[in-house]
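Now for the letters of each chain:
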Amino acid sequence: MNPASAHPTDASGGVTVVVSAPDPSDEPETRTLSEASGVGGQEAPPIVTDPPARRGWSAADGLVLAWLGLAVGVIVWRGWWRLPGEGEPGGPGSETGKERGVPGRDLGIVLIGAAVFVWLSQILGVTAAGQVLGMWGGREDTGIGSGGVIIMIGQYLGAGLAMAFLLTAMPPIGRALSRDWRLVGVGMGLLGMLLVSPLCTGTGAVTEWIRRMTTDVPVDPVAHETLRRLIESQPNLWWWGVVIGVTVGAPVVEEIIYRGLLQNGLRRVLGSGWGAVLVTSVVFTIVHAGAVDWRGMPVLMVLSIGLGVVYARTGRLLAPIAMHSAFNALNIGLALWQTSAQPLP
């Protein structure tokens, strides 16, 4: 299926999740869940390694389990699951929760509306790019090629112009997006990625185990056309353009929409940090559900919760952007590495 023709804003993408590391002696079958980005952006599809039914424990399994246990232990020990409360820095009643001259609840409603506006602006950008390409007349070069890159540019340009308008017309939105823009936020995001990645991997392993216990229906080895094209195509200018869109463009656009605007607004309206994180994560997962089977949904939910918690605790938008970017880049590399050892049919 051509991802760009299936959805006007689904140019290429998804979040990659390696559920269990491959063991060369077991020759596991690599399976892919497509987590295209809907209108939220481009990300790389989730990868789920489907090992043989009687496969024993491997050193890689033990390493992943130890990583998961360490991540959970650090989160609980440091109390990093707690979110700022009323009056605390970053909380609903703090200085960042009530901008100058704008009541917190009113600003929250504005931020939620801004999230919808930017989200819809991507559709307009993709539609305009599609008209320029003439893709609705049957053009197929909308994946790993000039057409796919131009579609992505249209999507990001639509979002960028919408944000530029909002920041110019309503300065409080810009002040509400991030506590500051220092590069320390990047380091916080990379730390968050180290802690959330094993949670996503563990979640994917559980859902894959449930699938094997409840059905014998085989899963397509690669269920996302963009990933297949990335794997099968030789790297060139357009190939790298798609990779850059997945690892840079998507994290920036999506984190502005879902964390900077939507979660930020919900926190002010609901007065609850966790309520805002959970509602935002449900929306994030539903938006991406069009190209993901049920196994990918819990993984997306866990990833989004992790991004939301990192943003709520740091107040820095660069943190979830860096986390999202590193997560996509690392897992695209893992997907390419796995499939290079096991050629696609």
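From a predicted model like this one, the values you see are computed outputs, not experimental measurements.

Parameters at a glance
- Residues numbered from 1 in each chain as written.
- Predicted model: local features only at pLDDT ≥ 70, side-chain atom pairs only at ≥ 80, totals over all residues.
- Heavy atoms only, no water.
- Core = buried A, V, L, I, M, F, W, Y, C linked by side-chain atoms within 4.5 Å.
- Buried < 20%, exposed > 50% of the residue type's maximum accessible area, 1.4 Å probe, protein only.
- Helix = DSSP H or I, 4+ residues; strand = E, 2+ residues; numbered from the N terminus.
- Contact = heavy atoms within 4.5 Å.
- Axes fitted to C-alpha atoms, helices over the stretch in contact; angles between N-to-C directions.
- Parallel < 35°, antiparallel > 145°, perpendicular 65-115°, else oblique.
- Left-handed = near helix turned anticlockwise from the far one by under 90°.
- Nonpolar A, V, L, I, M, F, W, Y, C, P; charged D, E, K, R; others polar.
- Expected span 1.5 Å × (residues − 1).
- Bend = angle between axes of the 7 residues up to and from the residue.
- Polar contact = N/O pair within 3.5 Å; in protein donor to acceptor, adjacent residues only side chain to side chain.
- Phe/Tyr/Trp six-rings, centres within 6.5 Å; stacked < 30°, edge-to-face > 60°.
- Lys NZ or Arg CZ within 6 Å of the ring centre and 35° of its normal.
- pLDDT = per-residue confidence, 0-100.
- Salt bridge = Lys/Arg side-chain N within 4 Å of Asp/Glu carboxyl O.
- Patch = residues over 30% accessible without salt bridge, like charges linked within 9 Å, V, L, I, M, F, W, Y side chains within 5 Å.
- Areas by Shrake-Rupley, 256 points an atom, 1.4 Å probe, with all protein chains shown as cover.

**What to know about the nonpolar core**
Then, number 1: Grouped together as the largest cluster of nonpolar side chains are 34 residues, with contacts concentrated most on Val118, Met163 and Leu261.
Then, number 2: Looking at this core, the elements that each hand over two or more residues are α3 (104-133), α4 (146-169), α5 (171-177), α8 (237-270), α9 (273-287) and α11 (318-341).
Then, number 3: In terms of residue count, α8 provides more of this core than any other element does, twelve residues in total.
Then, number 4: In contact with Val118, not counting residues within four places along its chain, are Ala159, Ala162, Met163, Leu166, Ile257 and Leu261.
Then, number 5: Core analysis: the next-biggest nonpolar cluster, separate from the first, contains eleven residues, Met193, Val196, Val299 and Leu303 among them.

**Brief notes about the packing of α9 against helix α10 (residues 296-314)**
Then, number 1: Interhelical geometry of α9 versus α10 gives an angle of 140° and a closest axis separation of 9 Å. Judged on the interaxial angle alone, α10 and α9 are oblique. Relative to α10, α9 is oriented so that their crossing is right-handed. Judged by residue contacts, Trp274, Val277, Leu278, Thr280, Ser281, Val282, Phe284 and Thr285 of α9 engage Met297, Leu300, Met301, Ser304, Ile305, Gly308 and Val309 from α10.
Then, number 2: Grouping the constituent residues of the contact of α9 with α10 by class yields ten nonpolar, five polar and no charged.

**Describing α8**
Then, number 1: Here α8 contains 34 residues, and its C-alpha end-to-end distance of 46 Å stays within 8% of the 50 Å for a straight helix at 1.5 Å per residue.
Then, number 2: Approximately 40° is the largest bend angle found in α8, and it occurs at Gly245.
Then, number 3: Buried residues dominate α8, accounting for 25 of its 34 residues.
Then, number 4: N-cap assignment for α8: the residue whose side-chain oxygen lies 3.0 Å from the backbone N of Trp238 is Asn236.
Then, number 5: Downstream of α8 by a residue or two, Gly271 has a phi angle that is positive, lying close to 70°.

**Looking at the packing of aromatic side chains**
Then, number 1: Taken as a whole and judged by the stated rule, the model has three aromatic pairs.
Then, number 2: Seen from their ring centres, Trp239 and Trp240 are 4.8 Å apart, and the 80° between their planes marks the pair as edge-to-face.
Then, number 3: Its guanidinium or amino end placed over the ring of Trp77, Arg78 lies 5.4 Å from that ring's centre, counting from NZ or CZ.
Then, number 4: The ring centre of Phe284 lies 5.2 Å from the NZ or CZ of Arg259, which sits over that ring.

**Some words on the confidence of the model for the chain**
Then, number 1: Confidence along the chain averages 76 in pLDDT terms, with 67% of residues attaining 70 or more.
Then, number 2: pLDDT under 50 marks residues 1-41. Its contacts with residues more than four places away, or in other chains, come to 187 contacts.
Then, number 3: Below a pLDDT of 50 lies the segment residues 47-54, which in the model reaches 35 contacts outside its immediate sequence neighbourhood of four places, other chains included.

**Structural notes on α3**
Then, number 1: With 30 residues, α3 should reach 44 Å at 1.5 Å per residue; the first-to-last C-alpha distance of 44 Å fits that figure.
Then, number 2: At the exit of α3 stands Gly134, carrying a positive phi of roughly 75°.

**Section: the side chain of Ser121**
Then, number 1: Along the chain, the position of Ser121 falls in helix α3.
Then, number 2: Its relative accessible area of 8% is what places Ser121 among the buried residues.
Then, number 3: Setting aside residues up to four positions removed in sequence, Ser121 forms contacts with Gly158 and Ala162.

**Focus: the pattern of salt bridges**
Then, number 1: Tallied over the entire structure, the rule returns three salt bridges.
Then, number 2: Between Arg182 and Asp180 there is a salt bridge whose closest N-O contact spans 3.3 Å.
Then, number 3: With relative accessibility at 16%, the residue Asp180 sits in the buried group.
Then, number 4: Where Glu255 meets Arg259, a salt bridge forms, and the shortest distance between an N and an O atom there is 2.7 Å. In this pair, Glu255 and Arg259 are both assigned in helix α8, four residues apart and thus about one turn of the helix distant.

**Digging into a nonpolar patch on the surface**
Then, number 1: Side chains of Val72, Val76, Trp81, Trp274 and Leu278 sit close together on the surface and give an oily, nonpolar patch of about 440 Å² of accessible area.
Then, number 2: Looking at the nonpolar patch, the elements that each hand over two or more residues are α2 (59-78) and α9.
Then, number 3: Looking at the secondary structure, you find Leu278 in helix α9.

**Quick look at the environment of Asn328**
Then, number 1: Within the fold, Asn328 resides in helix α11.
Then, number 2: Overall, the relative accessible area of 0% leaves Asn328 in the buried class.
Then, number 3: A C-alpha to C-alpha distance of 7.1 Å links Asn328 and Val246, two positions 82 residues apart in sequence.
Then, number 4: For Asn328, the side chain forms a polar contact with the main-chain oxygen of Val246, separated by 3.1 Å.

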